[in-house]
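# Observations on the model geometry
As a plain string of letters, each chain reads:
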Amino acid sequence: MSKKRILLVEDDKLNSGVIKVFLSAEYEVDHAENGQIALELAEKNNYDLFLMDINLGRGLNGLDVAQNLKQQDKYKNAPIVAITAYAMESDKREFLQKGCTHYLSKPFFKKDILAIIAKALADQTA
Ligand SMILES: [Mg+2]
């Protein structure tokens with residue numbers, strides 16, 4: 001079985017490096033460092049899941065990208081896992097209203113991110 005393909009959208013190089021190491025054994029991971037690159041890669045390729053940092057610095061934020069993806073036929077049912085340090089319940093609700101399907105708060109361990117990805121992929125096919 002071929003590996004599931006994930007697009008990691010994250011502007012922080014240290015974070016993206018760590019996440020790629022966490023996931024490399026189980027998933028094929030591409031990385032976008034801003035929202036514009038994320039949308040270009042999403043159009044060019046087919047991803048099974050998105051890991052979405054919310055604060056991407058200048059330009060589009062993660063919620064802009066999530067909302068754009070949800071309007072596309074090929075991604076309208078795609079799992080989008082928000083990854084953010086904003087740990088408040090009210091933020092979490094906003095993320096889920098704006099296209100994200102799951103939520104993981106920073107900081108997290110390898111087992112946490114592997115668990116939420118497995119759950120998000122399972123929820124999608126359920
Ligand atoms: Mg960030």
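I will try to describe carefully the structure that is included in this document. (Residues numbered from 1 in each chain as written. Predicted model: local features only at pLDDT ≥ 70, side-chain atom pairs only at ≥ 80, totals over all residues. Heavy atoms only, no water.)

## Examining the overall build of the chain
Regarding its fold elements, the chain presents 5 helices and 5 strands. Counted from the first residue to the last, the chain has its helices and strands arranged as β-α-β-α-β-α-β-α-β-α. Considered along the principal axes of its C-alpha atoms, the chain spans approximately 35 × 35 × 30 Å. Scored against the burial criterion, the 126 residues of the chain give a buried share of 42%. For the chain, restricting intrachain contacts to residue pairs at least 6 apart in sequence, the fraction spanning at least 24 positions comes to 58%. Averaging the locations of the 17 positively and 18 negatively charged side chains of the chain gives two centres separated by 3 Å. (Helix = DSSP H or I, 4+ residues; strand = E, 2+ residues; numbered from the N terminus. Buried < 20%, exposed > 50% of the residue type's maximum accessible area, 1.4 Å probe, protein only. Contact = heavy atoms within 4.5 Å. Lys, Arg positive; Asp, Glu negative; His and termini not counted. Charge placed at Lys NZ, Arg CZ, Asp CG, Glu CD.)

## So, the packing of aromatic side chains
Under the counting rule described, the total for this entry stands at 3 aromatic pairs. Ring geometry for Phe 95 against Tyr 103: centres 5.7 Å apart, planes inclined by 20°, an arrangement best described as stacked. Tyr 103 shares its class with Phe 95; the two are buried. (Phe/Tyr/Trp six-rings, centres within 6.5 Å; stacked < 30°, edge-to-face > 60°.)

## A closer look at the coordination of the magnesium ion
Protein coordination of the magnesium ion is provided by Asp 11 (OD), Asp 53 (OD) and Asn 55 (O), with donor distances spanning 2.1 to 2.2 Å. The motif formed by the donor residues of the magnesium ion, counted along the single chain, is D-x41-D-x1-N. We classify Asp 53 as buried; its relative accessible area is 4%. Residue Asn 55 is classed as partly exposed on the basis of its relative accessible area, which comes to 44%. (Donors = N, O, S within 2.8 Å, 3.2 Å for Na, K, Ca; no water.)

## Some words on the sheet that holds strand 5 (residues 102–105)
As summarised here, the arrangement of the 5 strands in space is 2-1-3-4-5, forming an open sheet in which the pairing is parallel. The outermost strands of the open sheet, each flanked by one partner alone, are strand 2 (27–32) and strand 5. The average undirected angle you get between the axes of adjacent strands in this sheet is 20°. Alignment of strand 4 (residues 80–84) against strand 5, held across 4 bridges, turns out to be parallel. By the bridge assignment, Val 81 is partnered in strand 5 with His 102. Helix-sheet contacts for helix 5 (residues 110–125) involve strand 1 (4–9), strand 2, strand 3 (49–53), strand 4 and strand 5, and the interaxial angle to strand 5 is about 175°. (Pairing = 2+ DSSP bridges. Axes fitted to C-alpha atoms, helices over the stretch in contact; angles between N-to-C directions.)

## Description of the packing of helix 1 (residues 13–23) against helix 5
For the pair helix 1 and helix 5, the least separation of the axes is 10 Å and the interaxial angle reads 70°. It follows that helix 1 is roughly perpendicular to helix 5 by the angle criterion. In terms of crossing hand, the pair formed by helix 1 and helix 5 is right-handed. Residues Ile 19, Phe 22 and Leu 23 of helix 1 lie in contact with helix 5, whose contacting residues are Lys 110, Ile 113, Leu 114 and Ile 117. Of the residues that constitute the contact of helix 1 with helix 5, the class distribution is 6 nonpolar, no polar and 1 charged. (Parallel < 35°, antiparallel > 145°, perpendicular 65-115°, else oblique. Left-handed = near helix turned anticlockwise from the far one by under 90°. Nonpolar A, V, L, I, M, F, W, Y, C, P; charged D, E, K, R; others polar.)

So, to be careful, I would describe these as geometric facts and stop short of saying anything about function.
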